[in-house]
Amino acid sequence: MIPWISVQEAPLGAMALRSVMEDPHAGALVLFEGRARDHHEGRAVLELAYEAYVPMAEKELGLLREKAIERYGLTRCAIHHRIGVVPLTEAAVLVATSSAHRAESFQAAAWIMDEIKQRVPIWKRERYKDGSESWVECTHRFQM
């Protein structure tokens, strides 16, 4: 059984996740795949590495899922995030949303991604071709 929420070290399976999203009430299914890319702010990236406080991350993702279902009238919603090293072109996060109409699924997927970056204790480190590395998109999570 594929869970609705997952924080895992293993590669993410978009097609397996898509299979649990099948719903005859849904006219739309959006599957967003956030992938590791080879550049960021003009720097050449070799790989990404994610760390998380897994129990809290899973709890926050679950709350986001529930809120998205209610807010956007989704029929189904799943969020999977990878931790550990994520090589280039591999998925770091999957967000799947389904609803009666496309607008709600697209809006929900975008909202979930924005909220993940703001609220969920998952931290991203980029490793660069020049041998350096840095934490990115992390400091805002610690503002009170």
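- Per an unreviewed UniProt entry, the protein is named Molybdopterin synthase catalytic subunit, and its organism is Geothrix edaphica.
- UniProt, in its Catalytic activity (unreviewed entry) section for the protein, records the words "2 [molybdopterin-synthase sulfur-carrier protein]-C-terminal-Gly-aminoethanethioate + cyclic pyranopterin phosphate + H2O = molybdopterin + 2 [molybdopterin-synthase sulfur-carrier protein]-C-terminal Gly-Gly + 2 H(+)".
- Note on the protein: under the UniProt heading Subunit (unreviewed entry), the record states "Heterotetramer of 2 MoaD subunits and 2 MoaE subunits. Also stable as homodimer. The enzyme changes between these two forms during catalysis."

What about the overall build of the protein?
Then step 1. Counting its secondary structure elements, the protein contains three helices and nine strands.
Then step 2. The C-alpha atoms of the protein give 15 Å as radius of gyration, which agrees with the globular expectation for 144 residues (15 Å, within 12%).
Then step 3. Overall, the C-alpha framework of the protein stretches about 50 × 35 × 30 Å when taken along its three principal axes.
Then step 4. Among the 144 residues that make up the protein, the fraction classed as buried is 43%.
Then step 5. Pairs at least 24 apart in sequence give 71% of the contacts found in the protein among residues at least 6 apart.
Then step 6. When the accessible area of the protein is evaluated, it comes to approximately 8000 Å², of which 53% is carbon and sulfur surface.

Examining the layout of surface pockets
Then step 1. If you add up the space inside the largest pocket, you get close to 350 Å³.
Then step 2. Lining the largest pocket are 21 residues; nearest its centre among them are Tyr50, Met113, Lys117, Lys124 and Glu137.
Then step 3. The set of elements that each furnish at least two residues to the lining of the largest pocket consists of β2 (28-35), β3 (39-40), β4 (43-52), β7 (91-99), α3 (102-119) and β8 (122-128).
Then step 4. Considered class by class, the residues forming the lining of the largest pocket number ten nonpolar, four polar and seven charged.

A short note on the nonpolar core
Then step 1. The biggest cluster of nonpolar side chains holds 30 residues, and the ones touching the most others in it are Leu61, Ile79, Val95, Ile112 and Ile116.
Then step 2. Within the residue set of this core, elements represented by two or more residues are β1 (5-8), β4, α2 (54-72), β5 (76-82), β7, α3 and β8.
Then step 3. With six residues, the top contributor of residues to this core is α3.
Then step 4. Counting residues in hydrophobic clusters, the runner-up holds nine residues, among them Leu17, Met21, Ala91 and Ala96.

Quick notes on α2
Then step 1. An ideal rise of 1.5 Å per residue puts 27 Å on 19 residues; α2 measures up with 26 Å between its terminal C-alpha atoms.
Then step 2. Within the sequence span of α2, burial applies to Ala57, Glu60, Leu61, Gly62, Leu64, Arg65, Ala68 and Tyr72.
Then step 3. In this fold, the buried residues of α2 make contact with β1, β4, β5, α3 and β8.
Then step 4. Once α2 ends, the next one or two residues include glycine 73, with phi positive near 65°.

Cut-offs and rules
- Residues numbered from 1 in each chain as written.
- Predicted model: local features only at pLDDT ≥ 70, side-chain atom pairs only at ≥ 80, totals over all residues.
- Heavy atoms only, no water.
- UniProt positions renumbered as here; feature names shortened; annotations may be inferred.
- Helix = DSSP H or I, 4+ residues; strand = E, 2+ residues; numbered from the N terminus.
- Rg over C-alpha atoms; globule rule 2.2 N^0.38 Å.
- Buried < 20%, exposed > 50% of the residue type's maximum accessible area, 1.4 Å probe, protein only.
- Contact = heavy atoms within 4.5 Å.
- Areas by Shrake-Rupley, 256 points an atom, 1.4 Å probe, with all protein chains shown as cover.
- 1 Å grid on protein atoms, 1.4 Å probe; cavity = no way out; pocket = protein on both sides within 12 Å on 5 of 7 lines; lining within 4 Å.
- Points joined across faces, edges and corners; volume = space filled by probe spheres on them.
- Nonpolar A, V, L, I, M, F, W, Y, C, P; charged D, E, K, R; others polar.
- Core = buried A, V, L, I, M, F, W, Y, C linked by side-chain atoms within 4.5 Å.
- Expected span 1.5 Å × (residues − 1).

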